[in-house]
Amino acid sequence: MFNYKTKNTIFVTLLALLFLSWVLFRIIFPVFHFNYNGQNGNNNFFTRKINQKIYLQLKLRGGYSFNKIVLKSKAKNIKLGNVYQDELALYKQGQLINSLEELKKYLIIGNSKVYNGQLISHGDSVFFIENGKYRTFADAETFDNLGFDWQKVIKVNNEVLHSLEKGEDITHTTIYLNDLFVKIDDNLYFLNNNVKMKINTNQLGKFVKDNFSIININKKKLDSALVGKMICRKVFFGSKCSLKRNKAIVFPRAEILMEMKDKSILDDNKISVKVDTFDGTHSFVPKITIRNIKRLINIRYEDEMIKLKKVLR
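For the structure given in this document, a descriptive report is provided here.

Digging into the overall build of the protein
At step 1: From N to C terminus, the protein includes 8 helices and 19 strands.
At step 2: Over its C-alpha atoms, taken along the principal directions, the protein stretches across nearly 85 × 65 × 35 Å.
At step 3: A burial count over the protein gives 42% of its 313 residues as buried.
At step 4: Across the protein, every contact between residues at least 6 apart in sequence was considered, and the portion connecting residues at least 24 apart equals 75%.
At step 5: With the model as given, the accessible surface of the protein reaches about 18,700 Å², and the carbon-plus-sulfur share is 53%.
At step 6: Looking at charge distribution, the protein has the averaged site of its 51 positive side-chain charges lying 9 Å from that of its 29 negative ones.

Put into structure tokens, the structure is as follows:
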């Protein structure tokens, strides 16, 4: 029979293994917490108006998909609607762009030598031109995650850069940009003010391909854009809403758009949301976590090598 000391050692060991297993599980399947404080929100949680409807929008770091969403608010009787994982599915279908003259109405910026929608570089920085402004990419990872092509970056001089206004930086939270060309299956679209306009590729395909970086969009993700709806109920402290999932697959780099049926939820100005990424054994999440860990290791290695080179000089 085990004595007290042996039993205690076994118990502590099992407890430690259980704790380590839980920590490992949460590293692989992270949980995200968001807080909304005021109508302007922050870079990860804010309100959006897309084609006359208001949405609460969340953006997950690291390109993760999601499974569960729980929202809490002190506001009473709040009403939330459908939840989407890709805002492009909410964009209106605009007119067909048949000619270069029609397209250039959106692209030309005064007397500038560059177009809206182009990628430019000056020094060590790379920019995307949107609405006549140049926006800086926060880092190379952000550029790559958005699906841009480095071969489409055009070097410009001071004169060209100074002919444009400076816009906000493009960060990891950015999903779609204005004045962007996207390809869905064999169809090419130009995005402008939450409207997607189909491009006549027979007439304009070569011009767009030669001058712009075209982002490939996963049509399956768009077809599965509606992932469920938020079900709200009264609780002691206010309201609690949970996502009721449908059978749609949630893809990597998902954004969360929760339709607001009314604005009463914003009256509280203190909204908390918990997003769980665990989605069973067929989840995309473990691969995303491994990819992110590899990236962090590479970044740390590159930083250490730079420091070492400086020391050796």
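Let us keep going from here.
As for the sheet that holds strand 12 (residues 180-184)
At step 1: Spatially, 5 strands are ordered 6-14-13-12-15 in an open sheet, and the strand pairing comes out mixed. Only two strands of the sheet have a single neighbouring strand rather than two, namely strand 6 (92-93) and strand 15 (214-217).
At step 2: Across 2 bridges, strand 6 lies against strand 14 (residues 195-198) in parallel orientation. Bridged to Lys92 within strand 14 is Val195.

Side note on the pairing of strand 15
At step 1: Only one face of strand 15 is covered, namely the one carrying Ile215 and Ile217; the face carrying Ile214 and Asn216 has none of its residues buried.
At step 2: Pairing of strand 12 with strand 15 involves 4 bridges; the strand directions are parallel. Bridge pairing in strand 15 places Phe181 opposite Ile214.

A few points about the environment of Tyr55
At step 1: In this fold, Tyr55 is placed in strand 3 (residues 53-59).
At step 2: Excluding residues within four positions of it along the chain, Tyr55 makes contact with Phe46, Thr47, Arg48, Ile50, Tyr84, Leu90, Leu257, Met258, Glu259 and Met260.

Things to note about the state of the cysteines
At step 1: Enumeration according to the criterion identifies 1 disulfide in this entry.
At step 2: What pairs with Cys232 in a disulfide is Cys241, and their sulfur atoms sit 2.1 Å apart. The sign of the 105° torsion about the S-S bond sets the Cys232-Cys241 disulfide as right-handed.
At step 3: According to the relative accessible area criterion, Cys232 is partly exposed, its value standing at 25%.

Section: the packing of aromatic side chains
At step 1: Tallying each qualifying case throughout the model produces 22 aromatic pairs.
At step 2: Taken together, a centroid distance of 6.3 Å and an interplanar angle of 80° make the contact between Tyr55 and Tyr84 edge-to-face. With a gap of 29 residues between them, Tyr55 in strand 3 and Tyr84 in strand 5 (residues 80-84) connect regions that are remote in the sequence. Taken as a pair, Tyr55 and Tyr84 share a single burial class, namely buried.
At step 3: Site record: aromatic cluster; members linked through ring pairs are Tyr106, Tyr115, Phe181, Phe190, Phe207 and Phe212.

As for the pairing of strand 14
At step 1: One ladder, built from 3 bridges, connects strand 13 (residues 187-191) with strand 14; its direction is antiparallel. Within strand 14, the residue paired with Tyr189 across the bridge is Lys198.
At step 2: A loop of 3 residues connects strand 13 with strand 14, the two strands running antiparallel in sequence, and Asn193 in this loop sits at a positive phi of about 55°.

So, how was this worked out
Residues numbered from 1 in each chain as written. Predicted model: local features only at pLDDT ≥ 70, side-chain atom pairs only at ≥ 80, totals over all residues. Heavy atoms only, no water. Helix = DSSP H or I, 4+ residues; strand = E, 2+ residues; numbered from the N terminus. Buried < 20%, exposed > 50% of the residue type's maximum accessible area, 1.4 Å probe, protein only. Contact = heavy atoms within 4.5 Å. Areas by Shrake-Rupley, 256 points an atom, 1.4 Å probe, with all protein chains shown as cover. Lys, Arg positive; Asp, Glu negative; His and termini not counted. Charge placed at Lys NZ, Arg CZ, Asp CG, Glu CD. Pairing = 2+ DSSP bridges. Disulfide = S-S within 2.5 Å. Phe/Tyr/Trp six-rings, centres within 6.5 Å; stacked < 30°, edge-to-face > 60°.

Shape is all these values report; function is a separate question.
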